[in-house]
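Here are the chains, one letter per residue:
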Amino acid sequence: MNNVKKRIFVAGHNGMVGSAIVRQLEKASDVEIVVRSRKELDLLNQQAVSDFFQNEKIDQVYLAAAKVGGIHANNTYPADFIYENLMIECNIIHSAHMANIQQLLFLGSSCIYPKLAEQPMAESALLTGTLEPTNEPYAIAKIAGIKLCESYNRQYGRDYRSVMPTNLYGPGDNFHPENSHVIPALIRRFHEAKVNGDKEVVAWGSGKPMREFLYVDDMAEASIHVMNLDKKTYDENTEPMLSHINVGSGVDCTIKELVETVAKVVGFEGGIKFDSSKPDGAPRKLMNIDRLATLNWNYEVELKQGLALSYKWFIDNQTEFRY
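Residues numbered from 1 in each chain as written. Predicted model: local features only at pLDDT ≥ 70, side-chain atom pairs only at ≥ 80, totals over all residues. Heavy atoms only, no water.

### With respect to the packing of aromatic side chains
The final tally for this structure, using the stated rule, is 10 aromatic pairs. Ring centres 5.7 Å apart and planes at 65 degrees place the aromatic pair Tyr 169 and Tyr 215 in the edge-to-face group. Placement of Tyr 169 in strand β6 (residues 167-169) and of Tyr 215 in strand β8 (residues 210-215) is noted, with a sequence separation of 46 residues between them. In textbook terms, an aromatic cluster arises when at least three aromatic residues are bridged by ring pairs, as seen for Phe 175, Tyr 311, Trp 313 and Phe 314. Taking NZ or CZ as reference, Lys 67 lies 5.3 Å from the ring centre of Phe 81, over its face. Over the aromatic face of Tyr 234 sits the side chain of Arg 161, whose NZ or CZ is 4.4 Å from the ring centroid. (Phe/Tyr/Trp six-rings, centres within 6.5 Å; stacked < 30°, edge-to-face > 60°. Helix = DSSP H or I, 4+ residues; strand = E, 2+ residues; numbered from the N terminus. Lys NZ or Arg CZ within 6 Å of the ring centre and 35° of its normal.)

### As for the packing of helix α6 (residues 182-196) against helix α11 (residues 303-316)
Running from N to C, α6 and α11 point in directions that differ by 60 degrees, and their axes come no closer than 11 Å. Read as a crossing pair, α6 and α11 show a hand that is right-handed. Residue-level contacts link Ile 183, Ile 187, Arg 188, His 191 and Lys 194 of α6 to Leu 303, Leu 307, Ser 310, Tyr 311, Phe 314 and Ile 315 of α11. (Axes fitted to C-alpha atoms, helices over the stretch in contact; angles between N-to-C directions. Left-handed = near helix turned anticlockwise from the far one by under 90°. Contact = heavy atoms within 4.5 Å.)

### Comments concerning the layout of surface pockets
Taken as a whole, the second largest pocket encloses approximately 180 Å³ of empty space. Looking at the second largest pocket, it is lined by 14 residues, and the ones nearest its centre are Asn 153, Lys 231, Asp 235, Glu 239 and Pro 240. Put simply, the parts of the chain that give the lining of the second largest pocket at least two residues each are α5 (136-156), β5 (159-165) and α8 (231-237). Across the lining of the second largest pocket, the residue classes tally to three nonpolar, three polar and eight charged. (1 Å grid on protein atoms, 1.4 Å probe; cavity = no way out; pocket = protein on both sides within 12 Å on 5 of 7 lines; lining within 4 Å. Points joined across faces, edges and corners; volume = space filled by probe spheres on them. Nonpolar A, V, L, I, M, F, W, Y, C, P; charged D, E, K, R; others polar.)

### Focus on the side chain of Thr 238
Within the secondary structure, Thr 238 sits in the loop between α8 and β9 (245-247). Of note is the side chain of Thr 238, whose polar atom sits 2.8 Å from the backbone oxygen of Tyr 234. Aside from chain neighbours lying at most four places away, what touches Thr 238 is Ser 243, Ile 245 and Arg 291. (Polar contact = N/O pair within 3.5 Å; in protein donor to acceptor, adjacent residues only side chain to side chain.)

### Some thoughts on the pattern of salt bridges
Counted under the stated rule, the structure contains 14 salt bridges. In this structure, the salt-bridge partner of Lys 231 is Asp 235, at a minimum N-O distance of 2.7 Å. Residue Lys 231 and its partner Asp 235 are both found in helix α8; the two are separated by four residues, about one turn of the helix. Among the ionic pairs, Lys 256 bridges to Glu 260, the shortest N-O distance being 2.8 Å. One end of the pair is Lys 256 and the other is Glu 260, both in helix α9 (residues 255-266) and four residues apart, which spans about a single turn. (Salt bridge = Lys/Arg side-chain N within 4 Å of Asp/Glu carboxyl O.)

### Remarks on the sheet that holds β5
If you trace the six strands from one edge of the open sheet to the other, you get β2-β1-β3-β4-β5-β9, paired in parallel fashion. This sheet does not close on itself; its edge strands, each paired only once, are β2 (31-34) and β9. The mean angle between the axes of side-by-side strands here comes to 25 degrees, regardless of whether they run parallel or antiparallel. Strand direction decides the pairing type here: strand β1 (residues 6-11) and strand β3 (residues 60-63), joined by four bridges, are parallel. Counted as the bridge partner of Ala 11 is Leu 63 from β3. Strand contacts of helix α7 (residues 216-227): β3, β4 (103-107), β5 and β9, with the helix running at about 145 degrees to β4, the strand carrying the most contacts. (Pairing = 2+ DSSP bridges.)

### Quick word on the packing of α6 against α9
One way to put it is that α6 packs onto α9 with a least axis distance of 9 Å and a crossing angle of 45 degrees. Our classification of the angle between α6 and α9 gives oblique. In the packing of α6 onto α9, the handedness of the crossing is right-handed. Within the contact between the two elements, α6 uses Val 182, Ile 183, Leu 186, Ile 187, Phe 190, His 191 and Lys 194 and α9 uses Leu 258, Val 259, Val 262, Ala 263 and Val 266. Residues of the contact of α6 with α9, tallied by class, amount to 10 nonpolar, one polar and one charged. (Parallel < 35°, antiparallel > 145°, perpendicular 65-115°, else oblique.)

Here's what the structure looks like:
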């Protein structure tokens, strides 16, 4: 009987998505998960990454490591966002190839699509228009990651795949008051308002834009599903130069609906005011998930349930968020 376990490296295992992938992989008995902290392995250091792959005999790579942040962070540190993300991708993908690792999954972002892409956004919308200026450097880096995977597939016959998640949330999210995304920012704001007895919470923007959200454990399951599809099935449902797969729920809601749902989940009973002098961003961002549905995957966690799980995680881990 063959008891050899598949050695799987999850890059970015401390992040929200990486930790969710680890949680899902831990359920399998034939897997040995390999992780390294930032102190143990600097992914910006080409030689260190190369040495790691040459020494560790890895079978599969999940590339979930990235420098991420909201609008404020992307606008403030554009050079950091493009440089660090490009370096991480280049170092991992090239070193994996040099170590003769055949399977890799790259995790991107829905911001790769043009600002005015037709809704819902299909994979074919990639590179058809101008990007949203606030996160263009990050988006360019993520597009480069897709193209790195495709190029190594085309030139060297690798099986490097890419998935593009919609807006993610859940355990392990970043609840920083300035650098967080919309759901963790709202959870924290409503929680603090409830604790402080505030009568009103002010939300940014008009509340009219529509957004799609996916619970991070669903994203992890989808990632593993795509990674483990047989090559023939993957190739039949993608194209060599349009190989990425959108991952989302295919369902969106207005920011106003989201804000009101978060308030209910947290138990904030005061008023909500929308500050329309603050930016709204794109009017709508919804993923076309037909490609993924054809490959027999659908999300499970509905938004209200996911928000309740996220709030519970926030409460249980509050000591970490004293910024």
